[in-house]
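Residue strings, one per chain:
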Amino acid sequence: MTYPSSARTVVLIHGLWMTPRSWEKWTERYRAQGYRVVAPAWPGLDAEVEEIRRDPSRVAGVGLREVIAHYEEVIRGLEEQPVIIGHSFGGAITQVLLDRGLGRAGVAIDSAPVKGVLPQPYSTLRSVWPVLRNPANKNKAIALMPRQFHYSFTNTLSEEESAAAYERHQVPGSARVLFQGAFANFNPRAATKISFRNRRRAPLLFIAGGADHIVPPKVNKANWRLYRKSPAITDYQEFPGRSHFTLGQDGWEEVADYALSWAAHHDLSRA
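Residues numbered from 1 in each chain as written. Predicted model: local features only at pLDDT ≥ 70, side-chain atom pairs only at ≥ 80, totals over all residues. Heavy atoms only, no water.

### Some remarks on the overall build of the chain
Secondary structure summary: the chain contains 10 helices and 8 strands in total. Relative to the globule expectation of 18 Å for 271 residues, the C-alpha radius of gyration of the chain, 17 Å, shows essentially globular dimensions. Counting every position in the chain, which comprises 271 residues, the buried fraction comes to 57%. Within the chain, contacts between residues at least 6 apart in sequence are counted, and of these 78% link residues at least 24 apart. In the form shown here, the chain has an accessible surface area of approximately 11800 Å², with 51% of it arising from carbon and sulfur atoms. Averaged over its 34 positive side-chain charges, the chain has a centre that lies 11 Å from the centre of its 26 negative ones. (Helix = DSSP H or I, 4+ residues; strand = E, 2+ residues; numbered from the N terminus. Rg over C-alpha atoms; globule rule 2.2 N^0.38 Å. Buried < 20%, exposed > 50% of the residue type's maximum accessible area, 1.4 Å probe, protein only. Contact = heavy atoms within 4.5 Å. Areas by Shrake-Rupley, 256 points an atom, 1.4 Å probe, with all protein chains shown as cover. Lys, Arg positive; Asp, Glu negative; His and termini not counted. Charge placed at Lys NZ, Arg CZ, Asp CG, Glu CD.)

### Description of the packing of helix α5 (residues 122-132) against helix α8 (residues 175-182)
Viewed as axis vectors pointing N to C, α5 and α8 meet at an angle of 125°, and their least axial separation amounts to 10 Å. Taken as axis vectors, α5 and α8 run oblique relative to one another. Handedness of the crossing formed by α5 with α8: left-handed. Touching V128, V131 and L132 of α5 are A175, L178, F179 and A182, all from α8. In terms of residue class, the contact of α5 with α8 is built from 7 nonpolar, no polar and no charged. (Axes fitted to C-alpha atoms, helices over the stretch in contact; angles between N-to-C directions. Parallel < 35°, antiparallel > 145°, perpendicular 65-115°, else oblique. Left-handed = near helix turned anticlockwise from the far one by under 90°. Nonpolar A, V, L, I, M, F, W, Y, C, P; charged D, E, K, R; others polar.)

### Examining a positive patch on the surface
Together, R197, R225, R228 and K229 line one region of the surface with positive charge. Within the secondary structure, R225 is located in helix α9 (residues 217-225). Take R225: its relative accessible area is 47%, and that puts it in the partly exposed class. (Patch = residues over 30% accessible without salt bridge, like charges linked within 9 Å, V, L, I, M, F, W, Y side chains within 5 Å. Salt bridge = Lys/Arg side-chain N within 4 Å of Asp/Glu carboxyl O.)

### Regarding a negative patch on the surface
A surface patch of like charges, here negative, comprises E159, E160, E161 and D250. You can see D250 is positioned in the loop between β8 (234-239) and α10 (252-270).

### Regarding the nonpolar core
One finds I13, W42, F89, I93, L97 and L178 to be the most contacted residues of the largest nonpolar core, which totals 61 residues. Ignoring anything within four residues of it in the chain, the contact list for F89 reads G15, L16, W42, L64, A112, V177, L178 and G181. Counting residues in each nonpolar core, the second largest holds 24 residues, with V37, V107, L260 and W262 among its members. (Core = buried A, V, L, I, M, F, W, Y, C linked by side-chain atoms within 4.5 Å.)

### Describing the packing of aromatic side chains
Any pair of aromatic rings gets described here by the distance separating the centres and the angle formed by the planes. All told, the structure shown has 11 aromatic pairs when counted by the stated rule. Taking 6.1 Å as the distance between ring centres and 25° as the angle between the ring planes, the aromatic pair formed by F179 and F183 counts as stacked. Given the relative accessible area of 41%, F183 is considered partly exposed. Look at F206 and Y227: their rings are 6.0 Å apart centre to centre, the planes differ by 50°, and that puts the pair in the tilted class. (Phe/Tyr/Trp six-rings, centres within 6.5 Å; stacked < 30°, edge-to-face > 60°.)

### What to know about the packing of helix α3 (residues 64-76) against helix α4 (residues 89-99)
Two numbers describe how α3 lies on α4: the axes approach to 10 Å, and their chain directions differ by 60°. Relative to α4, the element α3 is oriented oblique. Once α3 is placed against α4, the crossing between them reads as right-handed. Where α3 approaches α4, its residues L64, V67, I68, Y71, E72 and I75 are matched on the opposing element by F89, I93, V96 and L97. For the contact of α3 with α4, a count of residues per class yields 9 nonpolar, no polar and 1 charged.

Set out below in structure tokens:
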């Protein structure tokens with residue numbers, strides 16, 4: 001079911017190892033429904049995938065605070081409060097932005113955990129260990145190898161499908177962001193620290209992929225439950241059998257439509 005929304009702007013926030021190109025299908029679909037779609041790149045990633053691969057130094061050392069500040073500036077410069085939809089680390093950033101009073105509604109898809117989320121499943125550790133195992137990586141831009149990408153992002157796809165997704169979307173990512181996210185629970189001033197009791201926060205939906213290796217449902221559920229003492233609306237929806245590459249794998253339309261319909265409905269309830 002779709003609902004009319006009083007907000008006509010959607011801000012899409014991509015995750016680590018990706019660029020706004022990861023939203024290309026969603027952007028087209030939402031614009032066809034009459035929405036203004038804004039999909040800014042992280043600092044250092046405002047270029048085509050191929051160019052970033054040739055010069056990954058542009059994103060080396062970029063931290064979460066810089067990325068969050070960039071999106072906050074973009075949103076505060078809009079004419080209206082938007083619906084904010086983020087994927088992976090973009091989901092964690094969405095949570096921080098909503099906590100700061102931004103957005104009419106937010107959707108965190110396969111969200112990286114914010115400070116306070118405790119579960120660290122084996123598949124998560126296996127996905128990020130190639131970067132975290134070496135502290136010297138912290139200020140570098142690190143790319144996933146094709147086999148790592150297949151395990152972490154596209155484990156439900158064939159090798160051929162995964163290779164095509166890798167070639168189209170994967171870019172070196174800032175290891176600093178991953179280190180900051182992974183060790184947030186040991187940092188009292190972590191960039192992903194938020195108030196789970198915030199009663200003035202806009203409605204928030206968590207969407208999890210049932211077969212996601214980087215952020216399994218267990219992690220998203222733990223994140224969702226931290227909000228249980230807030231009267232603000234917080235919902236959870238799981239799509240069975242979907243990998244971390246839910247933005248692009250077959251059936252992405254169902255997820256895209258659910259996210260926007262939910263946001264539009266709950267935006268309407270706050271109008």
